[in-house]
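Report on the structure
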Amino acid sequence: MGRLEGKVALITGGASGLGAQMGRRFTEEGATVIVNDLRASDAEAMAAELGGDSMGVGFDVSDSAAVQAGFKAVAERFERLDILVNNAGIGVDAPAEERAERAQKTFQQIAEMKAGDPVETFIDVTMYMPDDRWRRMLAVHLDGTFYCTREALKVMAPQMSGSIISMGSIMGTAGGAGSPHYCAAKAGILGFTRAVAREVVARG
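This write-up is about the structure you can find in this document.

A look at the environment of F122
Inspection of the secondary structure assignment puts F122 in the loop between α4 (96–115) and α5 (125–128). Along the backbone, F122 and R102 are 20 residues apart, and their C-alpha atoms lie at a distance of 9.2 Å. Once residues within four sequence positions are removed from consideration, F122 is found in contact with K105 and Q109.

Quick look at the structure:
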């Protein structure tokens, strides 16, 4: 306990799921947590649950101007930022019927392979993926990680200290049939994170 005493941490996508659990844990360890989420009301409700000086701030991480405004509000209130967790993301972006059909095809394809039969069932997500689904996935995960990291560094650089945690996935290294956009986004985050680490290590 107390490992984050006095630290100010911003968690994107922090109003629910893994982000909310991180917020609770960070608070237990003594941090002041800024909860970001797409809806300001959700972010504020989670901040209220965490208590203390926690702050809720609503913005879409894929909107550069909105991210800048959100970080400006944080900097004006706290005058520092010690931790950024790039957690905001989307995974499921297809209608339920399409997901069910994809799962059925996957099981059928596996059955054909196990039986040693010629494969006649194909997933074919990439072939028919519309531009808007591709762009939205990359915008939330990859653009969002870049926009938030860029603004966090502007606050952290004068401090000569800070930690930025970006959520990756095994899908970004091993890949996964049926999720080319998610895999590409997570792989991009891994490369981006390595590059930024080398760039800012001299600042602590």
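Now, onward.
Details of the packing of helix α1 (residues 17–28) against helix α2 (residues 40–50)
The contact between α1 and α2 brings their axes to 10 Å, and the two run at 30°. On the basis of the axis angle, α1 is roughly parallel to α2. Read as a crossing pair, α1 and α2 show a hand that is right-handed. For the pair α1 and α2, contact is made by A20, G23, R24 and T27 and by M46, E49 and L50, respectively. Per-class residue counts for the contact of α1 with α2 are three nonpolar, two polar and two charged.

A closer look at the nonpolar core
I34, F71 and L81 are the most contacted members of the largest nonpolar core, which totals 20 residues. For this core, the elements supplying multiple residues, two or more each, are β1 (8–11), β3 (55–58), α3 (64–78) and α6 (131–159). Beyond its immediate sequence surroundings of up to four residues, L81 is in contact with V8, A9, L10, I34, F71, A152, V155, M156 and Q159. Within the second largest apolar cluster, 16 residues are counted, among which are A9, I11, V33 and M46.

Rules used throughout
All chains use their own residue numbering, which begins from 1 and follows the written sequence. Per-residue local features of the predicted model are confined to residues with pLDDT of at least 70, and side-chain atom pairs are confined, for both listing and counting, to 80 or more; whole-chain, interface and lining totals are unaffected and use all residues. With hydrogens and water stripped out, all remaining heavy atoms of the structure feed into the side-chain values. In this description a helix means any DSSP run of H or I spanning at least four residues, a strand means any run of E spanning at least two, and both kinds are numbered starting from the N terminus. The contact criterion used throughout is that any non-hydrogen atoms of two residues lie within 4.5 Å. Angles run from 0 to 180 degrees between N-to-C directions of axes, and those axes are lines fitted to C-alpha atoms, restricted for helices to the stretch in contact. Relative orientations are named as follows: roughly parallel for angles under 35 degrees, roughly antiparallel for angles over 145 degrees, roughly perpendicular for angles from 65 to 115 degrees, and oblique for any other angle. Two helices that cross are described as forming a left-handed crossing if the nearer one is turned anticlockwise from the farther one by less than a right angle, and a right-handed crossing if clockwise. The nonpolar class holds Ala, Val, Leu, Ile, Met, Phe, Trp, Tyr, Cys and Pro. Asp, Glu, Lys and Arg form the charged class, and all remaining residues, Gly among them, are polar. The term nonpolar core refers to a set of buried residues drawn from Ala, Val, Leu, Ile, Met, Phe, Trp, Tyr and Cys, joined through side-chain atoms within 4.5 Å. When accessible area is computed with a 1.4 Å probe and restricted to protein chains, residues below 20% of their type maximum are described as buried, those above 50% as exposed, and intermediate ones as partly exposed.

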